[in-house]
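Here is what each chain is made of, one letter per residue.
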Amino acid sequence: MHKKLFIPGPVDVRPDVLQKMADPMISHRGKAATALQKSISEKLRKVFQTKNTIVLSTTSGSGLMESAIRCCTAKRAAVFSIGAFGDRWYKMAVSNNVPADKFRAEDGKATDPKDVDAALATGKYDLVTITHNETSVGIMNPVEEIAKVIKKYPDVIFCMDTVSSMGGTDIPVDELGVDFCITSTQKCLGLPPGMSIASVSQRAYERAKTVPYRGLYLDIVEIVDKVVVDDKYQYPSTPSLSHMFALDYQLSLIMEEGLENRFARHIEMAKVVREWAKKYFALFSDERYLSNTLTTIANTRGINVGDLNKKLAEYGYEISNGYGALKEKTFRIAHMADMDMDTLQGLLRKIEEILGL
Ligand SMILES: *Cc1c(COP(=O)(O)O)cnc(C)c1O
């Protein structure tokens, strides 16, 4: 039996979108591939609310995160982490010999714009990374205020991880001034895992050109050049064409739903899960900055999440335990991509029944 996924990626994919993955191959150097990538880029520009170049990478989100910090740091990176995925960005810097410092908030807390200001004011950094939506703790950072601070430092490249939020909530990339904004297919966009997407500003591209060792497969200069030179909309190596077929189709469905409606649907679902969590458990994270795409619930009843999931599996549902050290202290319910309220309510009622709440 297929289990309905309430885990924060991969998410359930609509059957007709899955079917698009089975379309026959085309030449990745032909006109059809260019038209396909152009069509995808134009729709993604609307989702990202940006005029910047859209790039695709046949990697998961981590691929372009590593590309961003490696290719665009000339001096030193300031990595603001509020959980596991921010920590990972710092690790990527260290493993690539990119000078970096990590500024880590306590689990459940957001990035404080004052801390960003204090770090950047030292003049030590020329790149900053921010996690928009930290999937381990269910926090959505106050990026408007953070962006205001970063704008005071025009030499700093602003990179943002929107892997678990782009397509599920309003992220006006250009208004915020994000230079390198990264997401992947298997979360709010509602596709199978395997492709990473980013918007890249001219500033980020110019910076990367000054960095001597950028690797090759994830070199953002190579990737951008293949898109922009002669408006080619191509890709340096062979991309996952199957993902591109499905992505183009799914983006049309997203446009049909309407971005406003899609964001509103995510917020409605988030509200229901938060209320439910407060009634039977407690919210783990700072209530001022809760995520619209997933909820991290404090396990105040000391339930065994593994056992709960085993029972839920019998009814065709799967939720997520806490991430890393939060494994038994929390559990997580994702409400992203094409999830609907009825299915979500079905899950919550089933949990109540199993736990005798
Ligand atoms: C899932 C996730 C990632 C990692 O993305 P992959 O596509 O698995 O490489 C990074 N950041 C956040 C916030 C995530 O939720």
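Predicted, not measured: the structure shown is a model, and the values here were computed from it.

**Overview of the sheet that holds strand E14 (residues 320-321)**
Here comes step 1: With respect to topology, 4 strands assemble into an open sheet ordered E11-E12-E15-E14, the strand pairing being antiparallel. At either margin of the open sheet sits one strand with a lone partner, and together these are strand E11 (282-283) and E14.
Here comes step 2: The pairing of strand E12 (residues 294-298) with strand E15 (residues 330-334) spans 5 bridges and is antiparallel. Paired with Leu294 across the two strands is Ala334, which belongs to E15.

**Re the state of the cysteines**
By definition, a disulfide links the sulfur atoms of two cysteines through a covalent bond.
Here comes step 1: Considering all chains together, one arrives at 0 disulfides under this definition.
Here comes step 2: Here Cys159 stays unpaired: no disulfide links it, and the sulfur of Cys72, its closest cysteine neighbor, is 5.8 Å away.
Here comes step 3: For Cys159, a relative accessible area of 0% corresponds to the buried category.
Here comes step 4: Among the cysteines around Cys181, which has no disulfide bond, Cys159 carries the closest sulfur, lying 9.6 Å off.

**Here we look at the layout of surface pockets**
Here comes step 1: The computed volume of the largest pocket comes to approximately 330 Å³.
Here comes step 2: Surrounding the largest pocket, 18 residues form its lining, His132, Val143, Glu144, Thr169 and Asp170 being those nearest its centre.
Here comes step 3: Listing elements by their share of the lining of the largest pocket, those giving two or more residues are helix H6 (143-151), helix H7 (173-176) and helix H11 (259-280).
Here comes step 4: A total of 4 residues in the lining of the largest pocket trace back to one element, the largest contributor, which is H11.
Here comes step 5: Both domain 1 (4-10 + 259-355) and domain 2 (16-255) contribute no fewer than three residues apiece to the lining of the largest pocket.

**A word on the site of the ligand**
Here comes step 1: Every one of the 13 residues lining the ligand counts as a neighbour, but Ser60, Ser62, Thr135, Asp161 and Lys187 are closest to it.
Here comes step 2: A distance of 2.5 Å separates an oxygen atom of the ligand from a polar atom in the side chain of Ser60.
Here comes step 3: At 2.6 Å, a side-chain N or O of Asp161 approaches a nitrogen atom of the ligand.
Here comes step 4: Coverage of the ligand by the protein amounts to 91% of the 380 Å² it exposes when considered alone.
Here comes step 5: In terms of residue count, the dominant contributor to the shell around the ligand is helix H3 (residues 61-72) (3 residues).
Here comes step 6: Here the shell around the ligand is composed, by residue class, of 3 nonpolar, 8 polar and 2 charged.

**A closer look at the pairing of strand E2 (residues 53-57)**
Here comes step 1: In terms of burial, E2 is a largely internal element, 5 of the 5 residues being buried.
Here comes step 2: In the sheet, E2 pairs with strand E10 (residues 196-200) via 5 bridges, with the strands oriented antiparallel. What sits directly across from Leu56, in E10, is Ile197.

**Quick look at the nonpolar core**
Here comes step 1: Grouped together as the largest cluster of nonpolar side chains are 47 residues, with contacts concentrated most on Leu44, Phe48, Leu56, Val128 and Ile130.
Here comes step 2: Counting residues per element, this core draws most heavily on helix H10 (residues 241-257), at 8 residues.
Here comes step 3: Residues Phe180, Ile182, Ala204 and Tyr233 belong to the second largest nonpolar core, which totals 31 residues.

**Structural notes on the sheet that holds strand E5 (residues 127-131)**
Here comes step 1: Reading across from one edge, E2-E10-E9-E8-E5-E3-E4 is the order of the 7 strands in this open sheet, with mixed pairing throughout. Whereas interior strands pair on both sides, the edge strands pair on one side only; in this sheet they are E2 and strand E4 (100-104). Neighbour-to-neighbour, the strand axes of this sheet turn through a mean angle of 20 degrees, independent of strand direction.

Reading the values: the criteria
- Residues numbered from 1 in each chain as written.
- Predicted model: local features only at pLDDT ≥ 70, side-chain atom pairs only at ≥ 80, totals over all residues.
- Heavy atoms only, no water.
- Pairing = 2+ DSSP bridges.
- Helix = DSSP H or I, 4+ residues; strand = E, 2+ residues; numbered from the N terminus.
- Disulfide = S-S within 2.5 Å.
- Buried < 20%, exposed > 50% of the residue type's maximum accessible area, 1.4 Å probe, protein only.
- 1 Å grid on protein atoms, 1.4 Å probe; cavity = no way out; pocket = protein on both sides within 12 Å on 5 of 7 lines; lining within 4 Å.
- Points joined across faces, edges and corners; volume = space filled by probe spheres on them.
- Domains from an automatic or database assignment.
- Near = heavy atom within 4 Å.
- Polar contact = N/O pair within 3.5 Å; in protein donor to acceptor, adjacent residues only side chain to side chain.
- Areas by Shrake-Rupley, 256 points an atom, 1.4 Å probe, with all protein chains shown as cover.
- Nonpolar A, V, L, I, M, F, W, Y, C, P; charged D, E, K, R; others polar.
- Core = buried A, V, L, I, M, F, W, Y, C linked by side-chain atoms within 4.5 Å.
- Axes fitted to C-alpha atoms, helices over the stretch in contact; angles between N-to-C directions.

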